[in-house]
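# Working through the structure, step by step
Each chain is listed here by its residues.
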Amino acid sequence: MRRYSAFAIAREALRHHTGWERAWKSAAPKSRYDVVIVGAGGHGLATAYWLGRNHGITNVAVIEKGWLGGGNTGRNTTIIRSNYLQDPSAALYEKSRSLYETMSQDLNYNVMFSPRGVLMLAQTEHEKRGYLRTAHANALQGITTRFIGPAEVKKICPIMNIDGPRYPVLGGLWQERAGTARHDAVAWGYARACSDMGMDIVEQCEVTGVTRDGARVTGLSTTRGDIACDKLGIVVAGHSGRLAEMAGFRLPVESVPLQALVSEPIKPCMDIVVMANTVHGYMSQSDKGEMVIGGGTDGYNAYTQRGSFQHIEETVRALVETFPMISRLKMLRQWGGIVDMTGDRSPILSRTPVENCFINCGWGTGGFKATPGSGWAFAELMATGASPLTAAFGMERFREGRFIDESVAAGVAH
Amino acid sequence: MLILDCPYCGVRCDETELTPGGEAHLTRHGPGSDDADFERYLFQRRNPRGVHLERWRHAYGCGKWFHAARHTVTMQVFGTYPAQTTEPPADIVERIRASDPDWTFGDDT
Ligand SMILES: Cc1cc2nc3c(=O)[nH]c(=O)nc-3n(C[C@H](O)[C@H](O)[C@H](O)COP(=O)(O)OP(=O)(O)OC[C@H]3O[C@@H](n4cnc5c(N)ncnc54)[C@H](O)[C@@H]3O)c2cc1C
Ligand SMILES: [Zn+2]
C-alpha cells in the first residue's frame, strides 16, 4: 500500500496524478476463509481490521451485498459521543471515542474526526435531572462531561433560542471531546487497511444462506457461490433478523426506518452538535455548510430505506422553535436507513445458539460513534471467545433480565 | 404516509391518527412460564422482510386495537381486521398469497 502524505500529493501533482492506486482491491470470493464477516459497513470492516491488527488473523473475507459503506454507515449523521449512563455502555463507547482520536493516523486515512463538542439539551425538569445523573455517572466512569446552565448554552451556541416558549432550555449535558467524523472515510479507511493486510472485500455478493453441520456453522451460500469458514461474524444492522433466520435462531431485534436530511449550504453559524431529545431533533453543520438534521424513527417495522414524512415535519417543527434562524432554509436531500432496535436500546455483541457463529447488531440509531470500539471488542470476542468490553452485551441478557437500559437516558440515541 | 382502515369505525386513517403496537398474534406467557417463553413473548420478534401482521390502535379515533397485514418492503396493505382473533381472516390470507404464494401463517413463526 502506498502511503498518503503531503509528499505523495506533491509527487502526484508533478506527474498528473497518474500514480494513485485503488484504495482497496476488488476481490472475487475464495472457497474458504478462517473468518467470514457478513456486512461491509463500518462495524464489519472494523472487526476485520482488528482481527488482523490485534489477533494476527488475516485469512478473512468481508462479504457485502451492495457497495461498501452503503448501509447505515453511509447514511448516518455522524455524531460521536460517549456520555452514556450505564457502565458497560460508557466503557464501550468511550473506548470507541478514544480510538476516533487517533484513527486518521492509525489508518493513514483522513476520517476528519472533529471533536467540536456535543450538547444534549435539557428542555424539561425531568430531562435536566436525567442529565445531571448522567454527568455524575460519567464522572465516576472517568468520562469528561459537564452539566452546563442556560447562559453557558447560549454562549456556546448563540443561534439558539433558549427562552422557549414551549420548551425553554434549562441547561445541557456538554461533552467537549465529542463531535463528528466523515462516515464514508471511516469505511474506506478500514477497507484500505484490511485489503493491505491481504483480506478480501467482496462487494455485490449477497449472503442467501448459512450452512451448518449440526449446531456448528460451516459456511455460507451467496449469490457468488458457496464459501466455507471456521468462524462467521454477522454484522448487518437492519438485516440482522434475516441473517439470524438463515442461521436458525431468532433475535430480540426489530428493524425500523430512521431518516435524516440536509439543508442548502449556508455560512458557518454553528460549530457544535446539538441534540434536543425531548422534542426529537438534532442538528450540526457540515464542512460544506449544510445543516445536517435528524430526528426520531418510524414507529413500525419496515425495510423501505425511506421513512414516513410525518417524522420530517415533526423534527423540523421542533428545531425551528429552538433555532428560529433555520426557518427559511431550503432542504436539499432526505434519506433513510434501516436501524436495528433491541428491547433495551443497547447493542448485541454475542455468541449465538449456533457454534462459531457470532453476531454484532442492535446498534439502532446510534452505532456510528461505536464503529472502532465495536470492531475492537467483537474481534476479540471472535478470536479468543471472550472480551471484557462485550461481556455485558450478550444476547442472553434478555432471557436473564440483565438489561443495559439506555432508553431512559436518551429518548433518541444517536 | 401509511394509510389504514379501522375495522371498527370504518374510518380511513393516516398513521398520525394511529399508534403502532408491534407484532400481532404473539403467544402470551403468564406467571409460571419458563425464561425462554418469556424471552420469546417479550423480546424475540420475527421482524420479517416481507409480510408482517401487526397491531395498531386507533388512538385519535375510536381508541380500539386492531390488526393489519402489511408488506414491510413494498408497504402494500393486505387488509385490517379486528384484534379478537388468533389468526388472520381467509380473505386477507388470500390477498397475501396472491403476492407471496409461499406465505403461511404460523402463530409463533
Ligand atoms: C439516518 C440515520 C442517522 C444516524 N445517525 C447516527 C449518528 O449521528 N451517530 C451514530 O453514532 N449513529 C447514527 N446512526 C446509526 C449508525 O448509522 C449505525 O448504527 C451504524 O452505521 C451501523 O453500522 P454497521 O456497520 O453495523 O451497519 P451498516 O453500515 O448498515 O452495514 C451493514 C451492511 O450489511 C450489508 N448486508 C445486509 N444484508 C446482507 C446480506 N444478506 N449479504 C451481504 N451483506 C449484507 C448491508 O448492505 C450493509 O452494507 C444513524 C443511522 C441512520 C439510518
Ligand atoms: Zn376506529
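Predicted model, so just to flag it, every value in this text is computed and none were measured. (Residues numbered from 1 in each chain as written. Chains lettered and ligands numbered in written order. Predicted model: local features only at pLDDT ≥ 70, side-chain atom pairs only at ≥ 80, totals over all residues.)

Right, let's talk about the overall build of chain A for a bit. Scanning chain A for helices and strands turns up ten helices and 18 strands. Since a compact globule built from 414 residues should have a radius of gyration of about 22 Å, the 21 Å found for chain A is in line with a globular shape. Oriented by its inertia axes, the alpha-carbon framework of chain A measures out at about 65 × 65 × 40 Å. Residue burial in chain A is summarised as follows: out of 414 residues, 53% are buried. For chain A, the share of sequence-separated contacts (at least 6 apart) that also reach a separation of at least 24 residues comes to 75%. (Helix = DSSP H or I, 4+ residues; strand = E, 2+ residues; numbered from the N terminus. Rg over C-alpha atoms; globule rule 2.2 N^0.38 Å. Buried ≥ 20, exposed ≤ 12 C-beta atoms within 10 Å, placed from the backbone. Contact = placed C-beta atoms within 7 Å.)

Residues and elements named next belong to chain A. Here eight strands make up an open sheet; going across it, the order is β5-β6-β4-β13-β14-β15-β12-β16 and the pairing mixed. Across the chains shown, the open sheet's two edge strands, defined by having one partner strand only, are β5 (146–148) and β16 (331–342). In this sheet, adjacent strand axes meet at a mean angle of 20° when their direction is disregarded. Two elements, strand β12 (residues 253–265) and β16, share eleven bridges in a ladder whose sense is antiparallel. Bridged to Glu254 within β16 is Met341. Strands in contact with helix α8 (residues 309–322) are β12, β13 (273–276), β14 (281–285), β15 (290–297) and β16; relative to β15, the strand with the most contacts, it is inclined by about 125°. (Pairing = 2+ DSSP bridges. Axes fitted to C-alpha atoms, helices over the stretch in contact; angles between N-to-C directions.)

All right, on to the pairing of strand β1 (residues 32–38) of chain A then. Residues and elements named next belong to chain A. Burial analysis of β1 places five of its seven residues in the buried class, which makes it a mostly covered element. Sheet topology note: the β1/strand β11 (residues 225–234) ladder contains six bridges and is parallel. Looking at the pairing, Tyr33 lines up with Cys229 of β11. The sheet contact formed by β1 and strand β2 (residues 60–63) spans four bridges and is parallel. In the strand pairing of β2, Val38 is matched with Ile63. Between β1 and its parallel partner β2, the chain crosses via helix α2 (residues 42–55), and the hand of that crossover is right-handed. (Right-handed = clockwise from strand over helix to strand, strands pointing away.)

Taken together, the neighbourhood of ligand 1 is formed by 39 residues, with Gly39(A), Gly41(A), Gly71(A), Gly337(A) and Gly367(A) sitting nearest. When residues of the shell around ligand 1 are assigned to domains, at least three fall in each of domain 1 (26–109 + 183–252 + 344–400) and domain 2 (118–179 + 255–342) of chain A. (Near = placed C-beta within 6 Å. Domains from an automatic or database assignment.)

Take the nonpolar core next. By size, the foremost hydrophobic cluster in this structure holds 119 residues, and its most contacted members are Val36(A), Leu45(A), Val62(A), Tyr190(A) and Cys194(A). The greatest single-element share of this core, amounting to eight residues, is contributed by helix α3 (residues 87–107) of chain A. Residue contributions to this core reach at least three from each of two domains, namely domain 1 (26–109 + 183–252 + 344–400) and domain 2 (118–179 + 255–342) of chain A. Those residues in contact with Tyr190(A) that sit more than four places away from it in its chain are Gly42(A), Leu45(A), Ala46(A), Tyr49(A) and Leu107(A). Counting residues in hydrophobic clusters, the runner-up holds 15 residues, among them Cys13(B), Ala24(B), Val51(B) and Phe66(B). (Core = buried A, V, L, I, M, F, W, Y, C linked by C-beta atoms within 7 Å.)

Another aspect to go through is the packing of α2(A) against helix α6 (residues 183–196) of chain A. Residues and elements named next belong to chain A. It is the contact of α2 with α6, at a shortest axis distance of 9 Å, that shows an interaxial angle of 35°. Remark: the crossing between α2 and α6 carries left-handed chirality. Contact residues: Gly42, Leu45, Ala46, Ala48, Tyr49 and Gly52 in α2; Val186, Ala187, Tyr190, Ala191, Ala193 and Cys194 in α6. Broken down by class, the residue content of the contact of α2 with α6 amounts to ten nonpolar, two polar and no charged. (Left-handed = near helix turned anticlockwise from the far one by under 90°. Nonpolar A, V, L, I, M, F, W, Y, C, P; charged D, E, K, R; others polar.)

Taken together, the contact pairs 18 residues of chain B with 20 residues of chain A. Among the secondary structure elements, those contributing two or more residues to the side of chain B that touches chain A are α1 (35–42) and β4 (51–57) of chain B. Per-element accounting of the side of chain B that touches chain A gives the leading share, three residues, to α1(B). Of the residues in the side of chain B that touches chain A, the class split is seven nonpolar, five polar and six charged.

So, on to the domain arrangement of chain A. Residues and elements named next belong to chain A. Domain boundaries assigned for chain A yield domain 1 (26–109 + 183–252 + 344–400) and domain 2 (118–179 + 255–342). Taking the mean C-alpha position of each, domain 1 and domain 2 sit 28 Å from one another. Counting residues at the interface gives 29 residues for domain 1 and 26 residues for domain 2. Secondary-structure elements contributing two or more residues to the side of domain 1 that touches domain 2 are β3 (79–80), α3 and α7 (240–247). Counting residues per element, the side of domain 1 that touches domain 2 draws most heavily on α3, at four residues. Split into classes, the residues belonging to the side of domain 1 that touches domain 2 amount to nine nonpolar, 13 polar and seven charged.

Looking now at the confidence of the model for chain B. Of all residues in chain B, 97% attain a pLDDT of 70 or more, and the chain-wide mean is 94. Both scores are available for the predicted complex, with the pTM at 0.96 and the ipTM at 0.94. (pLDDT = per-residue confidence, 0-100.)

Okay, the sheet that holds strand β6 (residues 77–82) of chain B next. All names here are of chain B. Within the open sheet, the four strands sit side by side as β3-β4-β5-β6. Their pairing is antiparallel. Two strands in the sheet have a free side with no partner beyond their single neighbour: β3 (19–23) and β6. When the angles between neighbouring strand axes are averaged without regard to direction, this sheet yields 30°. As paired strands, β3 and β4 are joined by four bridges and run antiparallel to one another. By the bridge assignment, Pro20 is partnered in β4 with Trp56. Its contacts with the sheet place helix α2 (residues 90–99) against β4, β5 (65–71) and β6, and it is angled at close to 165° to β6.

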